[in-house]
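Understanding the architecture of this molecule
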Amino acid sequence: MGMTTFTFLFVIALSIDSFGIGCVLGMKKISLSLRGIVTIAFLSGAGFMLSSYMGALILPIVHPDYAERLGALALIGIGLYFLYQYFRKPDHSQKKEPWSQPARVLNNPVAADVDQSGGIKGKEVWLLGAALSLDTLGAGISGSFMGVEPFVTALWISIITFFMLYAGILSGAKLSEKAESVSIVPAVLLITIGIMKLT
């Protein structure tokens, strides 16, 4: 697999989840301003770039023969974790605030509307942005091990996340029944490209 193809699949895998989240918000008629979408897209790209540079600091102590394999295994691990999150049954016995558990927002995007005002604004935008950035944090380190260019990839992640989230919100009502199933796509893609890099 060439680096261009790998980067393309990598970016799609890290951005497509925002489409499903946008669909849910659109279906529930929860508003999110254009400025909020830009902020969330920026946070996703920034999270990836920062973790990529962290990976670059670790890279010198990793043997070159093993760096790419470690990165591929890490991607598979992240994908498997997403699959676990997708299939596990939600625990309703404890109601934790989304501020202390941003990952919960990925399973239930409506939780980002903390004050239940019918719109995501202010600090809630940062909460949703943090939730969507969780996958880019781990993937950034993996990407640096496999030679992904941090700045360019982060820029594309921001751009694609913006369009995915915006398109998801616009088409939420029509695609509401399919919105939840979109969440499984990033996991499958990350596992697939991880396996392809190992072979």
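This text follows the structure it describes.
All of these numbers come straight from a predicted model, not from anything done at the bench. (Residues numbered from 1 in each chain as written. Predicted model: local features only at pLDDT ≥ 70, side-chain atom pairs only at ≥ 80, totals over all residues. Heavy atoms only, no water.)

1. Thoughts on the environment of Val 24
In this fold, Val 24 is placed in helix α2 (residues 17-27). Residues Val 24 and Pro 109, 85 residues apart in the sequence, show an inter-C-alpha distance of 6.9 Å. (Helix = DSSP H or I, 4+ residues; strand = E, 2+ residues; numbered from the N terminus.)

2. Digging into the packing of α2 against helix α7 (residues 150-170)
Contact geometry of α2 with α7 gives a least axis separation of 6 Å together with a crossing angle of 30 degrees. Between α2 and α7, the angle is such that the two are roughly parallel. The chirality of how α2 crosses α7 is right-handed. Across the interface between the two elements, Ser 18, Phe 19, Gly 22, Cys 23 and Gly 26 of α2 pack against Thr 161, Met 164, Leu 165, Ala 167, Gly 168 and Ile 169 of α7. A class-by-class count of the residues in the contact of α2 with α7 yields six nonpolar, five polar and no charged. (Axes fitted to C-alpha atoms, helices over the stretch in contact; angles between N-to-C directions. Parallel < 35°, antiparallel > 145°, perpendicular 65-115°, else oblique. Left-handed = near helix turned anticlockwise from the far one by under 90°. Contact = heavy atoms within 4.5 Å. Nonpolar A, V, L, I, M, F, W, Y, C, P; charged D, E, K, R; others polar.)

3. Let's talk about the side chain of Thr 161
One can find Thr 161 in helix α7. What makes Thr 161 buried here is its relative accessible area of 3%. When residues no more than four places from it in sequence are discounted, the contact partners of Thr 161 are Ser 15, Ser 18, Ala 41 and Ser 44. (Buried < 20%, exposed > 50% of the residue type's maximum accessible area, 1.4 Å probe, protein only.)

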